[in-house]
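Each chain is listed here by its residues.
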Amino acid sequence: MWRVALSALLSHWRRHPLQLATLLLGLALATALWSGVQAINAEARASYARAAQVLDQDRLDSLVPARGLTHIGQDVFVTLRRAGWQVTPVLEGQWSRAGNSVLVYGLDPFTAPAGSLPDAMQGEGRIADFIAPPGLAYAAPQTVEALQGVAGLPPLVATRGMAPGMLFTDIGIAQTLLRAEGRISRLLILPDQPLTRPALTDIAPALERRAPLQQADTAQLTGSFHLNLTAFGFLSFAVGLFIVHSAIGLAFEQRRAMFRTLRALGVPLRVLVGLLAAEVMLLALAAGLVGVALGYAIAAALLPDVAATLRGLYGASVSGSLALRPAWWLGGLAMALAGAGVAGGQSLWRLWSLPLLAPAQPTAWARASARALRWQGAAAGALAVIAVLAGVYGSGIVGGFLLLGALLISAALALPGLLALMLGGAARLARGPLAQWFWADTRQQLPGLSLALMALLLALSANIGVGTMVSSFRLTFTAWLDQRLPSELYVTARDMAEAQRLHAWLEPRSDALLPIWKVEGTVLGGPAEVYGVADHRTYPDNWPLIVGRDDVWQTLARGQGAIVNEQLWRRAGLSLGDAIPLPGGAARPLVGVYADYGNPKGQVIIGVDDLTGLYPDVDRRRYAIRTDPAQVPGLKTALVDEFGLPADNMIDQGRVKEISLMVFERTFLVTGALNVLTMGVAGFAMFTSLLTLSTMRLPQLAPVWALGLTRARLARLELGRALLLAALTMIVAVPVGLLLAWVLLAVVNVAAFGWKLPMHVFPTDWLWLGVLALAAAGLAAAWPAWRLARLSPTALLKVFADER
Amino acid sequence: MNARLLILLGALLPLPALAQGFAGLGQTTNGYALPERGTALHFPDDHGAHPDFRIEWWYLTANLTGPDGTPYGIQWTLFRNALAPGDPGTGWSTAQAWMGHAALTDETGHRSAMRLARGGTGQAGVTAAPFTAWIDEWRMAGQAAQGDDPLSALSLSAQGADFAYDLDLSADGPLVLHGDAGFSVKAETGQASYYYSQPFYRVSGTLTLPGGAVPVTGQAWLDREWSSQPLAEGQDGWDWFSLHFEDGAKLMAFRLRGRDAGSAFRSGTWIAADGSATPLSPDALDMEPLAETRVAGRAIPTQWRLALPARGVDITVQALRDDAWMDTLVPYWEGPVRVTGSHPGTGYLEMTGYE
C-alpha cells in the first residue's frame, strides 16, 4: 500500500520534470545565497579569532604604554626581565609599500609563551635564519601569494593555520621593517611567574596592565558589516522561498484528484500526509545539498572582495580562501529543510483538513477572496505600525534591521491589494469587451501571481534602496575627499633626524608644511587617534565641519579645545562643551564635529602644539605639503635626489584619492552582486508562476479563443499582462525603495559605521531598473506565451469535451 | 667533565631531531673555532664567554645541609649557544642564544625552572671582569677581592615558580684544569673541549621553599667548559659524576655512551685535597649501574658502583631523589647523590641521552 501510494505520488514528478526542477532549483538558490553569506561571515570570524589568538594574547594580560606614550622602550623589557618579570615583547604595525599593506607582527621566540609559535618555526636551523637579517617572515599561504614579488620584505614562509594579512617576524626584523628601532608595542605577561618580583610601579611606572583581548577589536568593528551581509542573505532566502512555495503549492493542487483517489482506495490520511511530508523533506534535502554546494561557490567567488573590503574599511584581515566548516553546511541544510517546511506547511495543512471526497477541482491557486485580501492588508498595516515604532523607538543596528524587515514585508503584503485597486480602477475606465475582459482576467489572475510579484517587489525595492544608498554615499564621499585632501603631497621621513632635515629643506620650497602627527590610544572606550593640526588657513578653508563655530580652528591653535569625528560624536553621544578625555589623562572641551567617512576609528583633533605638549614622544615624521600642483613631480624627484627618500615615503593627492575610492568601490561590490542575484531569483519566481498559471488557465482561455480571438493574439495579451503587472509593481517599488534607502542612510549606516549621509535620488537609475524589471517579466512570460501561441487547437477544444 | 656537554643549546629552540647525538652536540663544526691541544688557558679572560665556539657553560652544583641536617641540592647553569658561526652581530640579531637552568632538590621533591634569552639585548650574558653571568634575574656574580681570581668568591641567586635560593660561595682551593692542562678529550676520534673547574666552594645562604626560608651551608662545584663539537658522531649521551669525599679529595668521572653497548668512552680527574689534579686513563675507572628507576617514561640508572682501584676507591653512589628530572627543552637527569663505601661523601650526578 505504502509503496503503491508512494509511486503514485512520485509519478507526478516524472510527468512534470520542469516542476521538479523549479522546486529543486528554487530551494537550492535560496539555500545557496543564505549559506554563501554565512560561509563568508564564518570565514571572517575565524580569521579574527585566529588573529586574536596569536601568542595566546586572548589569554594573557599585557603591559601597554601609559600616560600618553605611544610605545615602550626595549630597555624596559630588559629591565623587567632582569627584575624577574616573565614578559615577552611584541611590536605590531602596518607595513605598506606600493599599494601592498600587511600587518607586521614582531615577536621574540626566546621568551614567547611555550607552544604559541607556529609549528613551522620549530624547524632545524630556522631560529638562526629567523633572527639574523634579512630574517624570515611566516604568513598564511594566501598572504605569501599576495605579497609575491613585493620588495623590501624578508623571505616569506607559507604557514598553514596562520591568520591572513599578517607577517610574523623576529622583533628585531620587525623593528627594521617598521622603522621602530628600540621600540616595543606591548609586553605580554606569561602565565608562569617566579616566586618574587618587585612591584610594577617600582620598576616600570610608565606601563599599564591590561586584561586579555577578550575579543579582537576587529570583531567588534566589523560586527555590523556582517549583520548587513546576513540581512542580505536572509532577504535572498525569503525571495527564494516564494518560488518554493509556489512550486509545492502547484504540485499539491495538481494532485488533488490523485489524493482523492488514493483516499478512496483506502490510504489513511495520516499515511498520505506523512508520505507527502517525507517527499517534501527529501526534495529539500537534495536541494539543500545542491544549495550548499552552490553557496560554497558563491562565497568562494565573493570572499576576495569581502576580504578586500574588510581590510580597506576596518583594517581587518580575512582569509581569502574558504574552509568547509560542518557548522556551516549543516546550517545550510537545516535552512533548506526549514524553508521547505514553511513553504509546504500550508499545503499539507489544507490537505489534512480536506473533506474525504472533496471535489477534485483544480482551484488554480487558492483564489484569494476579498476576505483573504483584507487579512493580508491588515497584516501589512500591523507591520507598518511595527516599522514606525522601530523607527521611532528602536536603536542600533538591530532596530534598523527590524525597521527594514517590517517595512519590506509590510509593502510586500500590501502589494496584491494595491494592484487589485489599480486594476479595478483601470477596468472601470475600460471600453469594449476585449479590454474589459483583459482587466477582469488580469485581476482574476492576481492571486496566482501575487507571490511572484511580491518577490519582484522585494527585489526591486532592495535594488532601488541599496542603489540609492550607494550612489548617495559615492557622491558625498568623493565631494568630501576633494575637500578633505587639499594638500598636494604627503611625505614621511625615515627617522626623526631626516624629518628635521626635510622640514628645513621643504620650508622655503612650499607654500606650507603641515604636520600630520598622531598618537593612538583609547578615547571614551574605543580605539582612537589623536591628531594635531597646524594653525593654517588650509583647515578653515577645506575641512567640512558638521557642528562647530567659525572660530573652532583658533580655539584649537590656542590649545583650548578639541574636535572629534562624526563616528566618535555619535557613538559617545557628545555635545559641544563636553570634556573629551585624551589618552594619558588630559581632557579638552569639544568645540566641533567633522565628517570622516570610511574611518572605523574614533578621531580627535587638537592643536599641534597642544599635541606635542601632551605627547612629547609623538612620531613627527609625517608632513603634508601645500604647493602648486605643477611643482609636485619636480618636488618628488628633488626629494629622491636630495634625501634618497624611497618612493613609498611620498604619496600625492591623486594617489590617496584613488586608493580611497578603490576601497569604497570594493565595499559595495558585494552588495551589488547580492542585489543582482536577488533580482535573478525574483525573475525566476515570476517565470515559474507564469508557467504554472499557463497550464491551468486553459479553461479560462478556451472560451475566449472559441469566441474568435486567435492564439497569437491571446499570447500577445498574456505577454502584455506580465509586462503590465511588472510595471505596476515597479511603480509601487519606487517609494518603498526610497524609504528603504532612507533607513539605510539615516539609521543603519549610523549604527554600522557611525556616519549619516545626505540622500540623493537618481531617477535615471530607476528607469534602467524599470527596463530591467520589464525585461525580466517579458523573458519570464515569453515561453509560456510562445507555448500558448503554438498550442494545438485540439487542446483548447478538449477543454469543452472534458468532464469539467 | 664532559658531561656537561649536555644540554645544549644548540638545540635551543627549534629542537632538531636528536639524530646527531644528544642535543645536536655531535654536529659538524663548520665555521666554528675548535679546541687545540697545548693552548694555555688565561684567567680571568677565560671565565668570560667564547663566542667563536659553538657551545659553552657555567655549571654550578651544590650539596647543602639545613640546620636539622636535612640534605639539599641546587643547580645553577647558564648555557651559551652560537646559532651561527662568525660575527655574532648586535642587538636582536645577535646569533648567540642563552639558556638558564635552575633546580632545587630535597628528599621531598625536585623543582626546576628554565629561562631563554638571546645575547645582544642585555637580557643575558657573561662578563669576565668583574665577573657576572646572568639571565633575567638569575645571577652568578664575582665577589672576590682585588687581585684574587674573580671566581674565588661568588654570590648566586635564581628562582622558579615554587623555589628560590640566594647563596654566597667562597673557594678554599685552586682552579682545577682537566685533561691535558684544560684540553679534555671526549672521544677516540679526538673530539675535545676546554674544561676547568672550581670544586672547592664553601657555601652559606638561604633556600626559599613552599614551607618557608631555610638557612643552609655546604659545598659547591663549578664547571666551565666550551667547545664546538664535544660529542663524536655515534655518541648518544653520558653519565657524569662530581663527588666530594669527606677526606677532602674530589672525583670527576664520566663515560660517554656509544650507540653500541660497550663502546663507552671513560675519563675523569682525581683531585687531591690540596687541589693537585691527576687525569684518569680510560681503563683506570670502573662504572657500573646497580639499579634503574622509571623516570619520565625512561629507565634511568639511579644507583651506581664506581671503582678506582689505583686509589683504593670502591663506592656506591645513590640518588637523593630518583626523580631529579629536568623537564627542559632538552630533558635530562641531574640531581644530588650520596656516596657510601670506601670514600663516603656527597656529590652530583648528571645523565643524558636516555630514551
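Keep in mind that what you see is a predicted model, and the values were worked out from it rather than measured.

Scoring rules and cut-offs
- Residues numbered from 1 in each chain as written.
- Chains lettered and ligands numbered in written order.
- Predicted model: local features only at pLDDT ≥ 70, side-chain atom pairs only at ≥ 80, totals over all residues.
- Heavy atoms only, no water.
- Helix = DSSP H or I, 4+ residues; strand = E, 2+ residues; numbered from the N terminus.
- Buried < 20%, exposed > 50% of the residue type's maximum accessible area, 1.4 Å probe, protein only.
- Contact = heavy atoms within 4.5 Å.
- Areas by Shrake-Rupley, 256 points an atom, 1.4 Å probe, with all protein chains shown as cover.
- Pairing = 2+ DSSP bridges.
- Axes fitted to C-alpha atoms, helices over the stretch in contact; angles between N-to-C directions.
- UniProt positions renumbered as here; feature names shortened; annotations may be inferred.
- Core = buried A, V, L, I, M, F, W, Y, C linked by side-chain atoms within 4.5 Å.
- Domains from an automatic or database assignment.
- Patch = residues over 30% accessible without salt bridge, like charges linked within 9 Å, V, L, I, M, F, W, Y side chains within 5 Å.
- Salt bridge = Lys/Arg side-chain N within 4 Å of Asp/Glu carboxyl O.
- Arc of directions from axis to C-beta.

Draft legend 1. Geometry of the overall build of chain A. Secondary structure assignment for chain A yields 25 helices and 21 strands. With 804 residues in all, chain A has 53% of them scored as buried. Within chain A, contacts between residues at least 6 apart in sequence are counted, and of these 80% link residues at least 24 apart. Per element, the accessible surface of chain A, about 34300 Å² overall, is 62% carbon and sulfur.

Draft legend 2. A look at the sheet that holds strand 11 (residues 489–492) of chain A. Residues and elements named next belong to chain A. A sheet is described by the order of its strands in space; here 4 strands give the open sequence 12-20-11-21, paired in antiparallel fashion. A single partner strand is all that each edge strand has here, and the edge strands are strand 12 (512–515) and strand 21 (650–652). Strand-to-strand twist in this sheet, taken as the mean axis angle between neighbours without regard to direction, amounts to 25 degrees. Of the strand pairs in this sheet, strand 12 and strand 20 (residues 622–626) are connected by 4 bridges, and their pairing is antiparallel. In the sheet register, Pro515 faces strand 20, and the bridge partner there is Tyr623. Sitting on the sheet, helix 15 (residues 496–506) is in contact with strand 11, strand 12 and strand 20, with an inclination near 10 degrees to strand 20.

Draft legend 3. Here's a closer look at the UniProt feature "transmembrane region" (unreviewed entry) in chain A. Residues and elements named next belong to chain A. Per the UniProt record, the feature "transmembrane region" (unreviewed entry) sits at residues 229–252, 326–352, 372–394, 401–426, 446–466, 667–687, 722–755 and 767–786. Along residues 326–352 the backbone is 100% helical and 0% strand, and the end-to-end C-alpha distance reaches 36 Å. Spanning residues 767–786, this segment combines 100% helix with 0% strand, and its end C-alpha atoms are found 27 Å apart.

Draft legend 4. Up close: unusual backbone geometry. Residues and elements named next belong to chain B. The omega torsion across Phe43 and Pro44 is 10 degrees, close enough to zero to call that bond cis. You will see that Asp136, though not glycine, has its phi angle at about 50 degrees, which is positive. For Asp136, the position within the fold is in the loop between strand 6 (132–135) and strand 7 (138–142). Although it is not a glycine, Ala181 sits at a positive phi angle of roughly 55 degrees.

Draft legend 5. Main features of the nonpolar core. With 103 residues, the main nonpolar core has Leu453, Leu460, Trp553, Leu556, Ile563, Tyr597 and Ile605 of chain A as its most contacted residues. Among the elements that make up this core, the one with the highest residue count is helix 14 (residues 433–484) of chain A (20 residues). Of the residues that make up this core, three or more belong to each of domain 3 (368–476 + 657–754 + 783–804) and domain 4 (489–627) of chain A. Setting aside residues no more than four positions away along its own chain, Trp553 of chain A makes contact with Val533, Tyr539, Pro540, Trp543, Leu545 and Ile563 of chain A. Within the second largest apolar cluster, 43 residues are counted, among which are Leu60, Trp138, Ala192 and Val214 of chain B.

Draft legend 6. The side chain of His536 of chain A, seen in detail. Along the chain, the position of His536 of chain A falls in the loop between strand 14 (526–533) and helix 16 (538–542). With near-sequence residues (within four places) excluded, His536 of chain A lies in contact with Ala512 and Leu514 of chain A.

Draft legend 7. Fine view of the pairing of strand 3 (residues 96–106) of chain B. All names here are of chain B. Judged by how many residues are buried, strand 3 sits mostly within the fold: 11 of 11 residues are covered. Residues Gln96, Trp98, Gly100, Ala102, Leu104 and Asp106 point to one face of strand 3 and Ala97, Met99, His101, Ala103 and Thr105 to the other, with burial holding for every one of them. Judged from the 11 bridges that link them, strand 2 (residues 71–82) and strand 3 form a sheet pairing that is antiparallel. Looking at the pairing, Arg80 lines up with Trp98 of strand 3. Taken together, strand 3 and the strand that follows it, strand 4 (residues 109–118), pair antiparallel across an intervening segment of 2 residues.

Draft legend 8. Local environment of a nonpolar patch on the surface. A surface patch of nonpolar side chains, amounting to about 540 Å² of accessible area, comprises Val385, Val388, Leu389, Val392 and Tyr393 of chain A. Its location among the elements puts Val385 of chain A in helix 12 (residues 370–393).

Draft legend 9. Expanded view of the pattern of salt bridges. Overall, the coordinates contain 27 salt bridges over all chains when judged by the stated rule. Each member of the salt-bridge network shares a partner with another, and the members are Arg81 of chain A together with Arg115, Asp136 and Glu137 of chain B.

Draft legend 10. Spotlight on helix 3 (residues 74–82) of chain A. Residues and elements named next belong to chain A. All of the buried residues along helix 3 are Gln74, Phe77, Val78, Leu80 and Arg81. Axial view of helix 3: buried residues confined to an arc of 165 degrees, hence all on one face. Phi turns positive one or two residues past the end of helix 3, at Gly84, with a value near 105 degrees.

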